[in-house]
Amino acid sequence: MSAMDFQGKLNEIYPMPHILVKVFRAVSDPDSNYDQLEAIVKHDPAFTLKILSLANSAYYGRSNITSIREAIGLLGTNTLKNLCINVCAHDLFSFGKIKYNFSGYELWKHSVGVGICARVIGDYLGCGKQVDFFTMGILHDIGLTLEYQLQQEVFMTFLNCLHDRSKDLVALEEDVLGTNHATLSKMLCEQWLIPEEVGAAVGWHHAPLEAPEQVRFYACLLAVADRLVMERGFGFVPPYLAEVPDQVLQILQLDAAHLRQVNLLFTTELAHPGIPLMEKSN
Ligand SMILES: [Fe+2]
Ligand SMILES: [Fe+2]
């Protein structure tokens, strides 16, 4: 099965969620107002609840938001859009334990960790506001959930092969599945109309030095965040980790001392009670 086959199935099985379509349309319409946005989101009570819990998490900087209207007013329409993306992504992680420590919960935890860590690094480097690093982290490995949900049997073979130390994770995926999760994550980003630089960085997170120049910095940042989260054992960790090339750190102008500082800041963030984790199913 190739990436193109996955693309065909993806469009069929995971079209852009209705709520995202409506929110994106309203946000880009200069005549729309907060009342209309509130009406769209409020239409779905479960969704409203998820939005509020995410809006109150540490990653959007507030802890006392009680209504969607307040969330939009305080956080702005772009943040509402990102909140919706994160909530829709969350639904794709709702599957139980498959094998080893791979489960929707562990992968979501990893993705949240990478989102937080990428934001910490972005703030540390003074570029935290340029793109939504949290959303980038949430989406970077979402291709793994697509692989599992679209090709369960083949995905099991892939998980069984993961202990083969002669190949890295992406090479194994290419062999067994004919594509890799970074490519699929990028496809989903395109399908959900996620900002281009986010999708591009996501697509190159396992080969950041090969990324086009305009997104190479973000792809490198994401790769470092990914590595720091896995080293910490926060959420899903494959049996062995590929090295992050020195050049990646050089592009970000980070040395070992900087990484220690980043890790300390990351620890502080992780200690915050508002981490948007999901219920553990098993
Ligand atoms: Fe990945
Ligand atoms: Fe990852």
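Parameters at a glance
- Residues numbered from 1 in each chain as written.
- Chains lettered and ligands numbered in written order.
- Predicted model: local features only at pLDDT ≥ 70, side-chain atom pairs only at ≥ 80, totals over all residues.
- Heavy atoms only, no water.
- Helix = DSSP H or I, 4+ residues; strand = E, 2+ residues; numbered from the N terminus.
- Buried < 20%, exposed > 50% of the residue type's maximum accessible area, 1.4 Å probe, protein only.
- Contact = heavy atoms within 4.5 Å.
- Donors = N, O, S within 2.8 Å, 3.2 Å for Na, K, Ca; no water.
- Tetrahedral: all angles 85-135°; square planar, octahedral: opposite > 155°, others 65-115°.
- Core = buried A, V, L, I, M, F, W, Y, C linked by side-chain atoms within 4.5 Å.

K.L.:
Break down the environment of I40 for me, with residues and values.
P.N.:
Relative to the helices and strands, I40 is located in helix α3 (residues 34–42). With a relative accessible area of 17%, I40 lands in the buried category. I40 sits 14 residues away from A26 along the chain, and the two C-alpha atoms are 8.9 Å apart. Once you skip the residues sitting within four places of it in the chain, I40 turns out to touch I19, K22, V23 and A26.

K.L.:
Tell me what's going on with the coordination of the iron ion (ligand 1), and back it up with residues and numbers.
P.N.:
Looking at the metal site, the iron ion (ligand 1) is ligated by D141 (OD), H181 (NE2), H205 (NE2) and H206 (NE2), spaced 2.1 to 2.2 Å from it. Viewed at the metal, the 4 donor atoms of the iron ion (ligand 1) are separated by angles of 85 to 170°, and the geometry they form is irregular. Mapping the donors of the iron ion (ligand 1) onto the primary sequence gives the spacing D-x39-H-x23-H-H. Between the two metals, the iron ion (ligand 1) and the iron ion (ligand 2), the spacing is 3.6 Å, and D141 donates to both. Using a relative accessible area of 2% as the deciding quantity, one classes H205 as buried. Relative accessible area serves as the criterion here: at 37%, H206 is assigned to the partly exposed category.

K.L.:
Any chance you could break down the nonpolar core for me, citing the residues and the numbers?
P.N.:
Taken as a class, soluble globular proteins show a tendency for nonpolar side chains to be buried jointly. Counting 93 residues, the largest nonpolar core has I121, M136, L139, W192 and V224 as its most contacted members. The element contributing the most residues to this core is helix α7 (residues 104–124), with 9 residues.

K.L.:
Describe the coordination of the iron ion (ligand 2), naming the residues involved and giving the relevant values.
P.N.:
Every protein donor of the iron ion (ligand 2) is accounted for by H110 (NE2), H140 (NE2), D141 (OD) and D226 (OD), and the metal-donor separations fall at 2.1 to 2.3 Å. Taken together, the 4 donor atoms coordinating the iron ion (ligand 2) span angles of 82 to 172° at the metal, a pattern that classifies the geometry as irregular. In primary-sequence terms, the residues that donate to the iron ion (ligand 2) follow H-x29-H-D-x84-D.

By themselves these figures say nothing about function.
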